[in-house]
Amino acid sequence: MSPRDIPASILIRSSLFFEGLPEAAVERATMNVVTRNHPPNQVILLENDWGSSVYFILSGWVKIRTYNLDGKEVTLNILGKGELFGEMAPLDEVPRSTDVITLAPTVIGNMPAQDFVRLLTTEPQSGIRLAKLMARRLRQVNRRLRLRESDSMSRVADILLFLAEGQGKVSASGAGTEIPNLPHRELSSLSGLARETVTRVLSKLEKKGLITRDRDFLCISDAHALEQLML
């Protein structure tokens, strides 16, 4: 059964955000969720939009982007199934601060912002869950900022491990961790490196046997060895 065949109120509960919350509270929070299917490269949110919904990724993945002072696109994060985005604008009642664009066919559950805020105010555990999510994202960004002056191998290794932390799953063979095989321009934007440099580093990692690639997935064969490259 595909995500399109499962009711949104049921499918959205697979998100880690709802894990362990009282069933009645989850039922109330998700009763007005609407599911939408989006093709690749579709803009879901634009910077300066007002926040009327919070979004849960039911399948596929999206990128969170902004622009630097020179007008160059900067990818801040890649989010996939089970993640949420758009949660900040309803909380502080200000416009969105980033754009969100799909990178693949993506199914998203839209939760009205007032339902999300009501859940946070009535279920303390949901607030703790959100705080942990935001802390993890901040920790990831801080780590990437510290590596901005590192060599290209360290920066690409960090991005692969960053994606594995958020989107990784055990490969079918059990021999490694699979992540989406994103276009090199996305890895370039995440790492701050030229696309040609990213391509060259990925080829080196493949020759070392640390990663393997096919059309849809990149498999990290040895995460510990990748970590060692960052030391």
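Residues numbered from 1 in each chain as written. Predicted model: local features only at pLDDT ≥ 70, side-chain atom pairs only at ≥ 80, totals over all residues. Heavy atoms only, no water.

Engineer: Describe the nonpolar core, and please don't skip the residues or the numbers.
Structural biologist: Counting residues in hydrophobic clusters, the biggest one holds 26 residues, and the most contacted among them are Val156, Leu160, Leu163, Leu202, Leu205 and Leu226. Of all the elements, helix H6 (residues 152-167) adds the most residues to this core, at nine residues. The contacts of Leu160, once residues within four sequence positions are left out, are Ile179, Leu202, Leu205, Ile211, Leu218, Ile220 and Leu226. One finds Ala25, Ala29, Leu119 and Leu130 within the second-largest nonpolar core, a separate group that totals 20 residues. (Core = buried A, V, L, I, M, F, W, Y, C linked by side-chain atoms within 4.5 Å. Buried < 20%, exposed > 50% of the residue type's maximum accessible area, 1.4 Å probe, protein only. Helix = DSSP H or I, 4+ residues; strand = E, 2+ residues; numbered from the N terminus. Contact = heavy atoms within 4.5 Å.)

Engineer: Pulling in residues and values, what's your account of helix H8 (residues 195-207)?
Structural biologist: With 13 residues, H8 should cover 18 Å at 1.5 Å per step; its first-to-last C-alpha distance of 19 Å lies within 8% of that length. By the burial criterion, the buried members of H8 are Thr197, Val198, Val201, Leu202 and Leu205. Taken around the axis of H8, the buried residues stretch over an arc of 130°, which confines them to a single face. Projecting away from the buried face of H8 at angles above 90 degrees are the exposed residues Glu196 and Lys207. (Expected span 1.5 Å × (residues − 1). Arc of directions from axis to C-beta.)

Engineer: Run through the side chain of Glu178, naming residues and quoting values.
Structural biologist: For Glu178, the location among the structural elements is in strand E10 (residues 177-180). Of the side chains with opposite charge, Lys169 lies nearest to the buried Glu178, which makes no salt bridge, at 4.6 Å. In contact with Glu178, other than residues within four places in its own chain, are Gln167, Gly168, Lys169, Ser171, Ala172, Phe217, Leu218 and Cys219. (Lys, Arg positive; Asp, Glu negative; His and termini not counted. Salt bridge = Lys/Arg side-chain N within 4 Å of Asp/Glu carboxyl O.)

Engineer: For the side chain of Glu83, give the residues involved together with the corresponding values.
Structural biologist: When you line up the elements, Glu83 lands in the loop between strand E5 (73-80) and strand E6 (84-85). Sequence-distant contacts of Glu83, defined by excluding residues within four places in its chain, comprise Tyr55, Phe56, Ile57, Leu133, Arg136, Arg137, Gly166 and Gln167.

Engineer: So what about the layout of surface pockets? Which residues, and what values?
Structural biologist: Within this model, the largest pocket holds a volume of roughly 530 Å³. Lining the largest pocket are 21 residues, and of these Ile64, Glu87, Met88, Thr98 and Arg137 lie nearest its centre. Examining the composition of the lining of the largest pocket, we find that four residues originate from one element, helix H5 (residues 124-146), more than from any other. Class assignment for the residues of the lining of the largest pocket results in 13 nonpolar, four polar and four charged. Approximately 340 Å³ is the volume found for the second largest pocket. The wall of the second largest pocket is formed by 14 residues, among which Leu16, Phe17, Gly82, Glu83 and Arg136 lie closest to the centre. With four residues, the single largest contributor to the lining of the second largest pocket is H5. (1 Å grid on protein atoms, 1.4 Å probe; cavity = no way out; pocket = protein on both sides within 12 Å on 5 of 7 lines; lining within 4 Å. Points joined across faces, edges and corners; volume = space filled by probe spheres on them. Nonpolar A, V, L, I, M, F, W, Y, C, P; charged D, E, K, R; others polar.)

Engineer: Tell me what's going on with unusual backbone geometry, and back it up with residues and numbers.
Structural biologist: In most cases, non-glycine residues show a negative phi, while peptide bonds are predominantly trans. The phi dihedral of Asn41 is positive, around 65°, even though this residue is not glycine. With respect to the helices and strands, the residue Asn41 is situated in the loop between strand E1 (34-38) and strand E2 (43-45). With a relative accessible area of 55%, Asn41 lands in the exposed category.

Engineer: Kindly report on the packing of H6 against H8, identifying the contributing residues and their values.
Structural biologist: Each pair of packed helices gets described by two things: the angle between the helix axes and the distance between those axes. Their axes nearest at 10 Å, the elements H6 and H8 cross at an angle of 80°. As judged from the angle between their axes, H6 and H8 are roughly perpendicular. Where H6 approaches H8, its residues Ser152, Met153, Val156 and Leu160 are matched on the opposing element by Thr197, Val198, Val201, Leu202, Lys204 and Leu205. For the contact of H6 with H8, a count of residues per class yields seven nonpolar, two polar and one charged. (Axes fitted to C-alpha atoms, helices over the stretch in contact; angles between N-to-C directions. Parallel < 35°, antiparallel > 145°, perpendicular 65-115°, else oblique.)

Engineer: Explain the sheet that holds strand E8 (residues 106-112) to me, using residue names and the numbers behind them.
Structural biologist: Taking strand neighbours across the sheet as the criterion, the four strands line up as E1-E8-E3-E6 in an open arrangement whose pairing is antiparallel. Looking at the sheet topology across the chains shown, the edges are occupied by E1 and E6. In terms of strand pairing, strand E3 (residues 53-59) meets E8 through six bridges, oriented antiparallel. Bridged to Ile57 within E8 is Ile108. (Pairing = 2+ DSSP bridges.)

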